[in-house]
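Read off the chains here:
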Amino acid sequence: MKTSDLQQSLLENKKQIHQLGQLQYNFEPENVKRNLLSLFSPNARVQLCFPFEEMAGAEAFFNHALMPLFLSMPDLERRDTIIMSGPTAKGENWVGCCGYYCGTFDKPWLDIPATGHMVSLRYHEFYKFEGNKVTDYQGIWDIPELMMQAKAWPMAPSLGREWHVPGPATQDGITIKPRNAIKSQHSEKIVGDMCVALGNYASGGAEAMRLQDYWHPRCSWYGPSGIGTARTIQGFRDWHQIPFLNGLPDRVGNPHMGHLFADGSYTAFTAWPGMHMTLSGSGWLGLPPGNQRITMRSLDFWRVENNLIRENWVLIDMLSVYDQLGIDVLGRMHEFNKARR
């Protein structure tokens, strides 16, 4: 594909996802369903976080995920904070977006007790386009975040800060305009090199990862609920990296295992899964080591500022991790909340 044709295609893909977001902002079920069925290929692969898992196309996604959420939040609206698109090294074209579903939590959802108040559900969603149709969807919704807002979180407290994770500090995450290829390549290289350097831990320890070469001194790492947010390189190490590596010292992740792409200052990564590891040490999530082999789904966004990573939005399918470790979080939440009236 010629460069000009590629740029136009990437722009059109962004526009289509922006239109979907606008329809979900004013969520009218029939309009949303009609758009999804038109946008997605009939054989599209839909992969959503635990407990939804793989679903058979757009209609199943709407019926089993979006519609139940709408029935629990009848004034449901979607608020995107980032929409970006780009090609991967494999020549695939993706759109990534993140933001919040929010509304009045009027009826229970996934057995999470309703609050009667406004709540938010953070999401990272990725769409692979072939032609003008979505052929793959991967999404993580931060379900533990909703449990916390309902005061129904049944697991250990987070080490990081739990709060309403913001959009980009620069307020430029939604750019429905042509992609700057040179700036995008620069951002992707910084993030790609950083990811490769993280893999040096196994042979050279924490120093070999050279965090200071890639991360801004005032960086913000916005982790999933259950882990929380960390500020500065030292905060990232204290509240996420050190416990993570202590508990999972053989973790293996590689940006080439999944799909890395960039759009201006923003770079995104999706893989299903993107890492594998063994829970062989203590300290991570308050869980005892049992030498269980697990995989991890992580959908990420980075914002590069002046050659360094200033912000990083990370969602991990935490309920899938717990499920692989034999812990039924939703079941424990049910027991935890049986006495609530």
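Just so you know, these numbers come straight off a predicted model, no measurement behind them.

Student: Hey, could you run me through the sheet that holds strand β3 (residues 77-87) in this one?
Tutor: The strands making up a sheet associate through hydrogen bonds between their backbones, and the pairing can be parallel or antiparallel. Strand order across the open sheet formed by six strands is β2-β1-β6-β5-β4-β3, with mixed pairing between neighbours. Of all the strands in the sheet, just β2 (53-55) and β3 have a single pairing partner and so form its edges. Pairwise comparison of adjacent strand axes, ignoring direction, gives a mean angle of 20° for this sheet. As defined by bridge partners, strand β5 (residues 118-130) adjoins strand β6 (residues 133-141) across eight bridges and the pair is classed as antiparallel. Opposite E130, over in β6, you have K133 as the bridge partner. Sitting on the sheet, helix α1 (residues 3-25) touches β3, β4 (93-104) and β5, and the angle it makes with β3 is about 170°.

Student: Hey, could you run me through the packing of aromatic side chains in this one?
Tutor: What describes a pair of aromatic rings is the distance from one ring centre to the other and the angle between the planes of the rings. All chains considered together, the criterion is met by 18 aromatic pairs. Ring geometry for F61 against Y137: centres 4.7 Å apart, planes inclined by 40°, an arrangement best described as tilted. Taken as a pair, F61 in helix α3 (residues 57-72) and Y137 in strand β6 lie far apart in primary sequence, 76 residues in all. Classification of Y137 as buried rests on a relative accessible area of 0%. Pairing Y222 with W313 gives two aromatic rings, centres 5.3 Å apart and planes at 40°, and the pair type is tilted. In this pair, Y222 is assigned in strand β7 (residues 215-222) and W313 in strand β15 (residues 308-316), connecting sequence segments 91 residues apart. Through a chain of ring-to-ring contacts, three or more aromatic side chains come together here, namely F40, F52, F61, Y101, W109, Y123, Y127, Y137 and W141.

Student: So what exactly am I meant to see when it comes to the pairing of strand β11 (residues 266-270) here?
Tutor: If a strand is regular, its side chains alternate between the two faces of the sheet. Of all five residues in β11, five are buried; the element is thus mostly enclosed. Burial along β11 is two-sided: the residues Y266, A268 and T270 and T267 and F269 are all buried. Linkage of strand β10 (residues 259-263) to β11, two consecutive antiparallel strands, is achieved through a turn of two residues, within which G264 is found at a positive phi near 65°. Here β11 runs beside strand β14 (residues 298-305); their pairing, made up of four bridges, is antiparallel. By the bridge assignment for β14, F269 is matched with D300.

Student: Is there a simple way to explain helix α5 (residues 181-198) in this structure?
Tutor: Along an α-helix, a turn takes 3.6 residues, which lines up residues three or four apart on a common side. For α5, which comprises 18 residues, the first-to-last C-alpha distance of 26 Å matches the rise-based estimate of 26 Å (1.5 Å per residue) to within 8%. For α5, the complete set of buried residues consists of S184, S187, I190, V191, G192, M194, C195, A197 and L198.

Student: Where do I start with the pattern of salt bridges in this structure?
Tutor: Between side chains of opposite charge, a pair can form when the charged atoms approach closely. Evaluation of the coordinates by the stated rule reveals 19 salt bridges. Between D80 and R78 there is a salt bridge whose closest N-O contact spans 3.1 Å. Accessibility expressed as a relative area gives 17% for D80, which makes it buried. Across the pair R303 and E311 runs a salt bridge whose closest N-O atoms are separated by 2.7 Å. On the accessibility criterion, R303 (3% relative accessible area) is buried.

Student: What exactly am I supposed to notice about the pairing of β7 here?
Tutor: Counting buried positions along β7 gives six out of eight residues, so the element sits mostly inside the fold. Pairing of β7 with β15 involves four bridges; the strand directions are parallel. Looking at the pairing, W215 lines up with I309 of β15. Where β7 and strand β8 (residues 229-231) come together, three bridges link them in antiparallel fashion. Looking at β8, one finds that S220 is bridged to R231. The hairpin formed by β7 and β8 contains six residues between the paired strands, and G226 there has a positive phi angle of roughly 105°.

Quick notes on the rules
Residues numbered from 1 in each chain as written. Predicted model: local features only at pLDDT ≥ 70, side-chain atom pairs only at ≥ 80, totals over all residues. Heavy atoms only, no water. Pairing = 2+ DSSP bridges. Helix = DSSP H or I, 4+ residues; strand = E, 2+ residues; numbered from the N terminus. Axes fitted to C-alpha atoms, helices over the stretch in contact; angles between N-to-C directions. Contact = heavy atoms within 4.5 Å. Phe/Tyr/Trp six-rings, centres within 6.5 Å; stacked < 30°, edge-to-face > 60°. Buried < 20%, exposed > 50% of the residue type's maximum accessible area, 1.4 Å probe, protein only. Expected span 1.5 Å × (residues − 1). Salt bridge = Lys/Arg side-chain N within 4 Å of Asp/Glu carboxyl O.

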